[in-house]
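Fold and geometry: a report
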Amino acid sequence: MSIELTSQIGGNADVFYSNHQYDTLYTQQAETLNVDERATILHEMQKLFYDDAAYCIMWYQSKLQAYRTDTWKGWKETKGGAVYNFTRSNYLTVKPA
């Protein structure tokens, strides 16, 4: 969540988002020890970020993913599919069948 702070503009921020309420909530959540209270603050931050539409997502890419179980074994289901971008766990653990 810290990447979207006003102080990150020119650094890690890739959309140059600035919302001082968001910045204040970030400081609050960082100082909050109660897990439930912190979660509430984080949800409020996420809602601000969403409502401000800092990222304008024009479409979601449909990815066709395929892998061969007849020639490779050891594929594991991972979030987003067995081969999602670069999942080291699959690329490093599959073995020839």
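None of the values given here were measured: they were computed from a predicted structure.

Cut-offs applied
Residues numbered from 1 in each chain as written. Predicted model: local features only at pLDDT ≥ 70, side-chain atom pairs only at ≥ 80, totals over all residues. Heavy atoms only, no water. Helix = DSSP H or I, 4+ residues; strand = E, 2+ residues; numbered from the N terminus. Buried < 20%, exposed > 50% of the residue type's maximum accessible area, 1.4 Å probe, protein only. Contact = heavy atoms within 4.5 Å. Phe/Tyr/Trp six-rings, centres within 6.5 Å; stacked < 30°, edge-to-face > 60°. Expected span 1.5 Å × (residues − 1). Polar contact = N/O pair within 3.5 Å; in protein donor to acceptor, adjacent residues only side chain to side chain. Core = buried A, V, L, I, M, F, W, Y, C linked by side-chain atoms within 4.5 Å. Salt bridge = Lys/Arg side-chain N within 4 Å of Asp/Glu carboxyl O.

1. Here's the deal with the overall build of the protein
When helices and strands are tallied, the protein shows 3 helices and 2 strands. The linear arrangement of helices and strands in the protein, starting from the amino end, is α-α-β-α-β. Here the protein holds 97 residues, and the buried ones make up 21% of them. In the protein, the share of contacts with a sequence separation of at least 24, taken over all contacts with a separation of at least 6, comes to 27%.

2. Quick look at the packing of aromatic side chains
Evaluated as defined, the whole model comprises 4 aromatic pairs. Ring geometry for tyrosine 17 and tyrosine 22: centres 5.6 Å apart, planes at 90 degrees, overall edge-to-face. With a centroid separation of 5.7 Å and an interplanar angle of 65 degrees, the aromatic rings of phenylalanine 49 and tyrosine 55 are classed as edge-to-face. Judged by relative accessible area, phenylalanine 49 falls into the buried class, the value being 18%. Put simply, the rings of Tyr17, Tyr22, Phe49 and Tyr55 touch in pairs and so form one group of aromatic residues.

3. A closer look at helix H1 (residues 20–31)
With 12 residues, H1 extends 17 Å from end C-alpha to end C-alpha; this agrees with the ideal 16 Å at 1.5 Å per step. Check the buried side of H1 and you find it contacts helix H2 (35–51). The opening residue of H1, the one whose side-chain oxygen lies 2.8 Å from the backbone nitrogen of glutamine 21, is asparagine 19.

4. Topic: the side chain of glutamine 29
Topologically, glutamine 29 is positioned in helix H1. Residue classification places glutamine 29 among the buried positions, given a relative accessible area of 4%. Only 3.1 Å separates the side chain of glutamine 29 from the backbone oxygen of tyrosine 26, close enough to count as a polar contact.

5. Topic: the nonpolar core
A general trend in soluble globular proteins is that nonpolar side chains are found buried together. Among the nonpolar cores identified, the biggest contains 9 residues, and these are Leu5, Tyr17, Tyr22, Leu25, Ile41, Leu42, Met45, Leu48 and Phe49. Of all the secondary-structure elements, those providing two or more residues to this core are H1 and H2. For this core, the leading source of residues is H2, giving 5 residues.

6. Looking at the pattern of salt bridges
On inspection of all chains with the given rule, the structure shows 2 salt bridges. Between aspartate 70 and arginine 68 there is a salt bridge whose closest N-O contact spans 2.8 Å.

7. A word on unusual backbone geometry
Despite not being glycine, phenylalanine 16 has its phi angle at roughly 55 degrees, a positive value. Mapped onto the elements of the fold, phenylalanine 16 is located in the segment before H1. On the basis of relative accessible area, phenylalanine 16 is assigned to the exposed category, the value being 53%.

8. What to know about the side chain of threonine 32
Within the secondary structure layout, threonine 32 lies in the loop between H1 and H2. Of the polar contacts made by the side chain of threonine 32, one reaches the backbone oxygen of glutamine 28; its length is 2.6 Å. Beyond its immediate sequence surroundings of up to four residues, threonine 32 is in contact with Glu37, Arg38 and Ile41.

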